[in-house]
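Architecture and fold: a report
Given next are the chains, with one letter for each unit.
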Amino acid sequence: PDNRFLSRISRRVLEAEVLRDAMLSISGELSVFTGGSTWPATIKSDYGYIHNRFERSIYVPIFRNAIPDAFTAFDMPDPNSVNGARSVSTVAPQALYMLNNLFVIERARITATHLFTQPLTDNAARIDDLYRRIIGRHPTANEQSIALRHITVSTVPLPERWAMLIQALFASPDFRYLD
């Protein structure tokens, strides 16, 4: 029960902040924030506030009435309560967030456009590069063949095919969990 005699640790769900930072880093949009205010000085109310800058998640302001969607989907503690403990859950809204949220879709599209600026020549090499950057490992033979089939057979425009593959990798458990 204490996990003392196992050869590896148990899988751990990554927090929303880590997932957001990873997607921004992979898409090349993560800015290096060095200080200063993270919200406009002219803000009068936190209702409806949307933070649209791309610094690390630790600098995202958390207002009681305007918590970012990613943070609420992935078990951020309630800023209205004194107890700041974060619950750990794996629920359907988390997967739905990764498949339907505009933030994730845009990060996948931007990553797809950057993919073609690299000196990779064939689709298999691009797929391998994506797996290494997003999942942290090479694709299995089965994963490689499924991804190649999606890229070559799909009827949607080519950049959108790559964006769909990248979004699927973002939504995969291998991206959302730490082994």
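Residues numbered from 1 in each chain as written. Predicted model: local features only at pLDDT ≥ 70, side-chain atom pairs only at ≥ 80, totals over all residues. Heavy atoms only, no water.

Bringing the pattern of salt bridges into the picture now. Inspection of the entire model under this criterion finds ten salt bridges. Glu 29 is the partner of Arg 107 in a salt bridge, and the nearest nitrogen-oxygen pair spans 2.4 Å. Of the two residues, Arg 107 is situated in helix H4 (residues 102–115) and Glu 29 in the loop between helix H1 (16–27) and helix H2 (69–73); the sequence distance between them amounts to 78 residues. The salt bridge partner of Arg 133 is Asp 129, with a shortest N-O separation of 3.4 Å. Of this pair, Arg 133 and Asp 129 are both found in helix H5 (residues 123–134), four residues apart, which corresponds to roughly one turn of the helix. For Asp 129, a relative accessible area of 9% corresponds to the buried category. Here the salt bridges do not stand alone but share partners, grouping Asp 128, Asp 129, Arg 132 and Arg 133 into one network. (Salt bridge = Lys/Arg side-chain N within 4 Å of Asp/Glu carboxyl O. Helix = DSSP H or I, 4+ residues; strand = E, 2+ residues; numbered from the N terminus. Buried < 20%, exposed > 50% of the residue type's maximum accessible area, 1.4 Å probe, protein only.)

Next up on the list: the environment of Val 91. Turning to its location among the elements, Val 91 is positioned in the loop between H2 and helix H3 (92–100). Using a relative accessible area of 40% as the deciding quantity, one classes Val 91 as partly exposed. It is 19 Å that separates the C-alpha atoms of Val 91 and Leu 102, two residues lying eleven residues apart in sequence.

In this model, the largest pocket occupies a volume close to 490 Å³. As for the largest pocket, its lining consists of 19 residues, and the residues nearest its centre are Ile 50, His 51, Pro 68, Asp 69 and Phe 103. Those elements that provide at least two residues to the lining of the largest pocket are H2 and H4. Here the lining of the largest pocket is built from residues that sort into twelve nonpolar, three polar and four charged. Roughly 220 Å³ of volume is contained in the second largest pocket. As for the second largest pocket, its lining consists of 13 residues, and the residues nearest its centre are Tyr 131, Ile 146, Leu 165, Ala 168 and Leu 169. Looking at the lining of the second largest pocket, the elements with two or more residues in it are helix H6 (141–153) and helix H7 (158–171). In the lining of the second largest pocket, the residues fall into eight nonpolar, two polar and three charged. (1 Å grid on protein atoms, 1.4 Å probe; cavity = no way out; pocket = protein on both sides within 12 Å on 5 of 7 lines; lining within 4 Å. Points joined across faces, edges and corners; volume = space filled by probe spheres on them. Nonpolar A, V, L, I, M, F, W, Y, C, P; charged D, E, K, R; others polar.)

What follows covers the side chain of Arg 20. Position of Arg 20 among the secondary structure elements: in helix H1. Excluding residues within four positions of it along the chain, Arg 20 makes contact with His 51, Arg 53, Phe 54, Glu 55, Arg 56, Ser 57, Val 60, Phe 71 and Phe 103. (Contact = heavy atoms within 4.5 Å.)

All told, the structure shown has one cavity of 30 Å³ or more when counted by the stated rule. Its volume calculated, the largest cavity comes out at about 40 Å³. Around the largest cavity, the lining residues are Ala 16, Leu 19, Arg 20, Met 23, Ala 70, Phe 74, Tyr 97, Met 98 and Phe 103. Counting only elements with at least two residues in the lining of the largest cavity, the list comes to H1 and H3. When the residues that make up the lining of the largest cavity are grouped by side-chain class, the tally is eight nonpolar, no polar and one charged.

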